Amino acid sequence: MSSISIVYLRIDMATKKKYYVVWSGIKPGVYDNWEDCKKQVVGVNASKYKSYPTQMEAENAFKAGFSGTATNTKSKKTIKGSAKILLPSISVDAACSGNPGLMEYRGVNNQDGSEIFKK
């Protein structure tokens, strides 16, 4: 029987710098703040953008062109690109209702969609 290790991480999103890639919007490019990125994508039909933790990752992603997952601000839906999921693997997601608030997280098997854990 295999065991699953759970690691708890605290990430302070308010102080973490992000870089934004706009592939489809008013002016495609790399932006170093949300306000400038937002002006390029909000209200634009089929806009495609994504945030990255470093400027280098953002610039490489922009040069490579759109693939993977980005957000369309008009429809609020996820747009799926050509990214491939490595198998076997799991996806883990977490959400918090309020700050501080109730925390919920779960893990899902990417191969069959079964829930592995939920807390």
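Whatever comes next refers back to the structure up there.
As the structure is a prediction and not an experimental result, all values here were calculated from the model. (Residues numbered from 1 in each chain as written. Predicted model: local features only at pLDDT ≥ 70, side-chain atom pairs only at ≥ 80, totals over all residues. Heavy atoms only, no water.)

## What about the sheet that holds strand E6 (residues 90-98)?
Then, number 1: A sheet is described by the order of its strands in space; here three strands give the open sequence E6-E7-E8, paired in antiparallel fashion. If you trace the sheet from one side to the other, it starts and ends with E6 and strand E8 (115-118), each paired once. Between one strand axis and the next, the sheet turns by 15° as a mean value, whatever way the strands run.
Then, number 2: Direction of pairing for E6 relative to strand E7 (residues 101-109): antiparallel, over a ladder of nine bridges. (Pairing = 2+ DSSP bridges. Helix = DSSP H or I, 4+ residues; strand = E, 2+ residues; numbered from the N terminus. Axes fitted to C-alpha atoms, helices over the stretch in contact; angles between N-to-C directions.)

## Regarding the pairing of E8
Then, number 1: Relative to E8, E7 runs antiparallel, the two sharing three bridges. Residue pairing across strands places Val-108 opposite Glu-115, the latter belonging to E8.
Then, number 2: What sits between E7 and E8 in their antiparallel hairpin is a turn of five residues, with Gly-113 showing a positive phi close to 80°.

## Quick look at helix H1 (residues 34-41)
Then, number 1: Along H1, the residues classified as buried are Cys-37, Gln-40 and Val-41. Viewed along the axis of H1, the buried residues span an arc of 85°, placing them on a single side of the element.
Then, number 2: Where H1 is buried, its residues meet strand E1 (19-24), strand E2 (29-31) and strand E3 (48-52).
Then, number 3: Of the residues that open H1, the one with a side-chain oxygen 3.3 Å from the backbone nitrogen of Glu-35 is Asn-33.
Then, number 4: A positive backbone phi angle near 85° is found at Gly-43, which sits one or two residues after H1. (Buried < 20%, exposed > 50% of the residue type's maximum accessible area, 1.4 Å probe, protein only. Arc of directions from axis to C-beta. Contact = heavy atoms within 4.5 Å. Polar contact = N/O pair within 3.5 Å; in protein donor to acceptor, adjacent residues only side chain to side chain.)

## Side note on the packing of aromatic side chains
Then, number 1: Under the defined criterion, the tally for this structure stands at four aromatic pairs.
Then, number 2: Arranged with centres 5.5 Å apart and planes meeting at 50°, the rings of Tyr-20 and Trp-34 form a pair that is tilted. With Tyr-20 in strand E1 and Trp-34 in helix H1, this pair connects stretches of sequence that are 14 residues apart.
Then, number 3: When its relative accessible area of 12% is taken as the criterion, Tyr-20 is described as buried.
Then, number 4: Stacked on the ring of Tyr-19, the Lys or Arg Lys-17 has its end atom at 5.2 Å from the ring centre. (Phe/Tyr/Trp six-rings, centres within 6.5 Å; stacked < 30°, edge-to-face > 60°. Lys NZ or Arg CZ within 6 Å of the ring centre and 35° of its normal.)

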